[in-house]
Amino acid sequence: MSIFAYAPAPESRAVVDIASSYGLFIDGEFRPAAEDKVFPTHSPATEEQLSEVAHAGAADVDAAVRAARAAFGPWSALPGSERATYLFRIARILQERSRELAVLESLDNGKPIRESRDVDLPLAAAHFFYYAGWADKLAHAGFGPDPRPLGVAGQVIPWNFPLLMLAWKVAPALATGNTVVLKPAETTPLSALFFADVCRQAQLPPGVVNILTGDGSTGAELVAHPGIDKVAFTGSTEVGRSIARTVAGTRKRLTLELGGKAANIVFDDAPIDQAVEGIVNGIFFNQGHVCCAGSRLLVQESVREELLEALKRRMETLRVGDPLDKNTDIGAINSAEQLARIQELAAAGEAEGAERWSPAGCELPGQGYWFAPTLFTGVAQSHRIAREEIFGPVLSVLTFRTPEEAVAKANNTAYGLSAGIWTEKGSRILWMADKLRAGVVWANTFNKFDPSSPFGGYKESGFGREGGRHGLEAYLDV
């Protein structure tokens, strides 16, 4: 343990102005819900109410889809270079207002300000810059000489990366000439509503982007609306299945980016300290609220003890607390419901015989939703903590002896979103990557993202790709 203590280094809340209430963003303007329903949004770190937002119903969904349909003709008829101008504007405004947005994201979501500031905001802007570059080059993207947009895209995003998931979906949709109706998660609506103001500041034509806040019923209305041509969803596998059933037999295109149970595989020749940093980043980044989190650690038996000793030392240095403190490593769990889910699965791990460990000196705040970074050893593949997505700062440790056994254990999951490999041997990396049934495989790193690189999974992790040239295809009639 370090003998040096970190003094508090809080980011000011005053840099962002949060209104007491927000309406729905439809056809370029904010308006109340047709039924005047509202719901509160809270800070998970303090449980204080941040604002009150409108709850969209069927009439509001219909109004937003109609606005998007009316805007589709003129928007899709614009030359790609003109659509690119708007995307470039949005990207620059996101950069200019990044401090406001980072604070807002940490307040509403609970993630550390360092992650909002250094990961979410730069990547969100980068996606708009990247797809702005594609807007006038679609004929050269490999999807035919004259690819056409689909129409109106209904997009439903999760609470773990609110603004970044918005960028992943909105940027390629607009670049390809589609219009958008987007529903953010019920617990994190504020950054999407802030983005509505960004659209107005960028002078985006009314109706091109519409934002509806609400709960799962709002998302269900949007997905089922007959005026939607394309559905894009990121979230749980359970909800993804429901959406797939809803759109089955219709003309709607669908992409799903769902859950994961990624294996982070460490061989005996891996640099231990580097691997430990990758393991910590893989599971404790964003409190483990990451669909591609490395929640299963597969370590070669011969280095198990050495690795676990180094990992526990590193975990003892992690700081849990105020998301707005720049020294914080692990912020608040997003909601009481998610905290209960993590607690239930952690208890199941103990009940099934796994050994639980958390840093002894980890003190959790008395207010808000918190969970200490947790490590389970003695985990069997049959245990729930090795099979189910926990979506929290909980790591399950398993061992292997041979590369073949590592592949078999890594692939022994219903999911197939990501994996990590730690070894000095390039040939082993290539062999493993070829065998692993995962959409993204990282080598000697983890959780690295780039707008030019496609992301998506297999099996119950969904289908379709977001990011890169591949991300254009989902929004083109090809």
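Residues numbered from 1 in each chain as written. Predicted model: local features only at pLDDT ≥ 70, side-chain atom pairs only at ≥ 80, totals over all residues. Heavy atoms only, no water.

Engineer: Any chance you could break down the domain arrangement of the chain for me, citing the residues and the numbers?
Structural biologist: Annotation of the chain at the domain level lists domain 1 (13-258 + 458-473) and domain 2 (263-443). For domain 1 versus domain 2, the distance between C-alpha centres works out to 30 Å. Counting from both sides, the interface comprises 31 residues of domain 1 and, opposite them, 34 residues of domain 2. Approximately 2,800 Å² of surface area, both sides summed, lies buried where domain 1 meets domain 2, with 56% of it carried by carbon and sulfur atoms. On the domain 1 side of the contact with domain 2, W159, Y458 and K459 bury the most area, a combined 21% of that side's loss. Its salt-bridge partner being D329, residue R114 comes within 2.5 Å of it at the nearest N-O pair. (Domains from an automatic or database assignment. Contact = heavy atoms within 4.5 Å. Buried area = accessible area lost by both parts, 1.4 Å probe. Salt bridge = Lys/Arg side-chain N within 4 Å of Asp/Glu carboxyl O.)

Engineer: Hey, could you go over the sheet that holds strand β5 (residues 49-54) for me, with residue numbers and the actual values?
Structural biologist: As summarised here, the arrangement of the 3 strands in space is β1-β5-β4, forming an open sheet in which the pairing is mixed. For this open sheet the edge positions go to β1 (21-22) and β4 (38-42), each flanked by a neighbour on one side alone. Two elements, β1 and β5, share 2 bridges in a ladder whose sense is parallel. Among the inter-strand pairings, S21 is bridged to a residue of β5, identified as E52. Packed onto the sheet, helix α6 (residues 190-201) meets β1, β4 and β5 and runs at close to 65 degrees relative to β5. (Pairing = 2+ DSSP bridges. Helix = DSSP H or I, 4+ residues; strand = E, 2+ residues; numbered from the N terminus. Axes fitted to C-alpha atoms, helices over the stretch in contact; angles between N-to-C directions.)

Engineer: Give a description of the pairing of strand β12 (residues 296-300) that names residues and reports values.
Structural biologist: Counted residue by residue, β12 has 5 buried out of 5 residues, so it is predominantly covered. Every second residue of β12 is oriented toward a common face, with R296, L298 and Q300 on one face and L297 and V299 on the other, all of them buried. As judged from the 4 bridges shared by strand β11 (residues 263-266) and β12, these two strands associate in the parallel manner. Along β12, the bridge assignment pairs A263 with R296. Following the chain from β11 across helix α9 (residues 272-284) to the adjacent parallel β12, one finds a crossover that is right-handed. Inspection of the sheet shows β12 paired to strand β15 (residues 394-400) by 5 bridges, in the parallel sense. (Buried < 20%, exposed > 50% of the residue type's maximum accessible area, 1.4 Å probe, protein only. Right-handed = clockwise from strand over helix to strand, strands pointing away.)

Engineer: Quick rundown of the UniProt feature "domain: Aldehyde dehydrogenase" (unreviewed entry) in the chain? Include the residues and the values.
Structural biologist: Per the UniProt record, the feature "domain: Aldehyde dehydrogenase" (unreviewed entry) sits at residues 34-477. Between the end C-alpha atoms of residues 34-477 the distance is 33 Å, and the span holds 41% helix and 15% strand. (UniProt positions renumbered as here; feature names shortened; annotations may be inferred.)

Engineer: Can you explain the nonpolar core? Please cite residues and give values.
Structural biologist: Side chains that are nonpolar tend, in soluble globular proteins, to be buried together. Counting residues in each nonpolar core, the largest one holds 110 residues, and the members touching the most others are F128, F195 and L311. A per-element tally of this core places helix α5 (residues 162-175) first, with 11 residues. Inspection of this core shows a minimum of three residues originating in each of domain 1 (13-258 + 458-473) and domain 2 (263-443). With sequence-adjacent residues up to four places away left out, F195 is seen in contact with I90, L94, F128, L163, L166, V170, V209 and I211. Counting 29 residues, the second largest nonpolar core, distinct from the first, contains A263, L339, L345 and A354. (Core = buried A, V, L, I, M, F, W, Y, C linked by side-chain atoms within 4.5 Å.)

Engineer: Requested: an account of the packing of aromatic side chains, with residues and values cited.
Structural biologist: For any two aromatic rings, the description comes down to two numbers: the centre-to-centre distance and the angle of the planes. Applying the stated criterion across every chain, the model contains 13 aromatic pairs. With centroids separated by 6.1 Å and ring planes inclined at 50 degrees, the aromatic side chains of F88 and F129 adopt a geometry described as tilted. Of the two residues, F88 is situated in helix α2 (residues 80-96) and F129 in helix α4 (residues 113-134); the sequence distance between them amounts to 41 residues. Its relative accessible area of 28% is what places F88 among the partly exposed residues. Among the aromatic residues, ring-to-ring pairing joins W168, W442, F446, F449 and F455 into one connected group. Its end group placed over the ring of Y458, R437 keeps NZ or CZ at 4.0 Å from the ring centre. A cation over an aromatic ring shows up here: R465 above the ring of Y458, its NZ or CZ 5.3 Å from the ring centre. (Phe/Tyr/Trp six-rings, centres within 6.5 Å; stacked < 30°, edge-to-face > 60°. Lys NZ or Arg CZ within 6 Å of the ring centre and 35° of its normal.)

Engineer: I'd like a description of the pairing of β15, backed by residues and values.
Structural biologist: Most of β15 is tucked away: 7 of the 7 residues are buried. Every second residue of β15 is oriented toward a common face, with V394, S396, L398 and F400 on one face and L395, V397 and T399 on the other, all of them buried. As paired strands, strand β14 (residues 374-377) and β15 are joined by 3 bridges and run parallel to one another. Each residue of the ladder has a partner; that of T374, found in β15, is V394.

Engineer: I'd like to hear about empty space enclosed by the protein, residue by residue, with values.
Structural biologist: According to the stated counting rule, one finds 6 cavities of 30 Å³ or more in the structure shown. Empty space within the largest cavity amounts to approximately 110 Å³. Lining of the largest cavity is provided by 13 residues; of these, F161, L164, M165, W168 and F449 occupy positions nearest its centre. Taken together, the elements giving at least two residues each to the lining of the largest cavity come down to α4 and α5. (1 Å grid on protein atoms, 1.4 Å probe; cavity = no way out; pocket = protein on both sides within 12 Å on 5 of 7 lines; lining within 4 Å. Points joined across faces, edges and corners; volume = space filled by probe spheres on them.)

Engineer: Before we move on, could you go through the UniProt feature "active site" (unreviewed entry) in the chain and cite the residues and values that matter?
Structural biologist: Mapped onto the present numbering, the UniProt feature "active site" (unreviewed entry) falls at E257. The exposure class assigned to E257 is buried, which follows from its relative accessible area of 4%. Ignoring sequence-local partners within four residues, the contact set of E257 consists of F233, T234, G235, C291, L417, F455, S461 and E466.

Engineer: Give me the packing of α2 against α4: which residues, what numbers.
Structural biologist: Two elements in contact, α2 and α4, have axes separated by 8 Å at closest approach and are oriented at 165 degrees. With respect to α4, the element α2 is oriented roughly antiparallel. In this structure, α2 crosses over α4, and the sense of that crossing is left-handed. Along the contact surface, α2 presents A84, L87, F88, I90, A91, R92, L94 and Q95, while α4 presents L121, A124, A125, F128, F129, Y131, A132 and G133. When its residues are assigned to classes, the contact of α2 with α4 shows 13 nonpolar, 2 polar and 1 charged. (Parallel < 35°, antiparallel > 145°, perpendicular 65-115°, else oblique. Left-handed = near helix turned anticlockwise from the far one by under 90°. Nonpolar A, V, L, I, M, F, W, Y, C, P; charged D, E, K, R; others polar.)

Engineer: Please provide a residue-by-residue account of the sheet that holds β12, values included.
Structural biologist: The 7 strands lie next to each other as β13-β14-β15-β12-β11-β16-β17, forming an open sheet whose pairing is mixed. Strand pairing shows two members of the sheet lacking a second neighbour, β13 (355-357) and β17 (440-443), which therefore form its edges. In this sheet, adjacent strand axes meet at a mean angle of 20 degrees when their direction is disregarded. Pairing analysis gives 4 bridges linking β11 to strand β16 (residues 418-422), with the strands arranged parallel. Residue pairing in the sheet places N264 in a bridge with G420 of β16. Each of β11, β12 and β15 touches helix α13 (residues 403-410); the most contacted strand, β12, lies at about 170 degrees to it. Where helix α14 (residues 426-435) meets the sheet, it contacts β11, β16 and β17, and its direction lies at approximately 160 degrees from that of β16.

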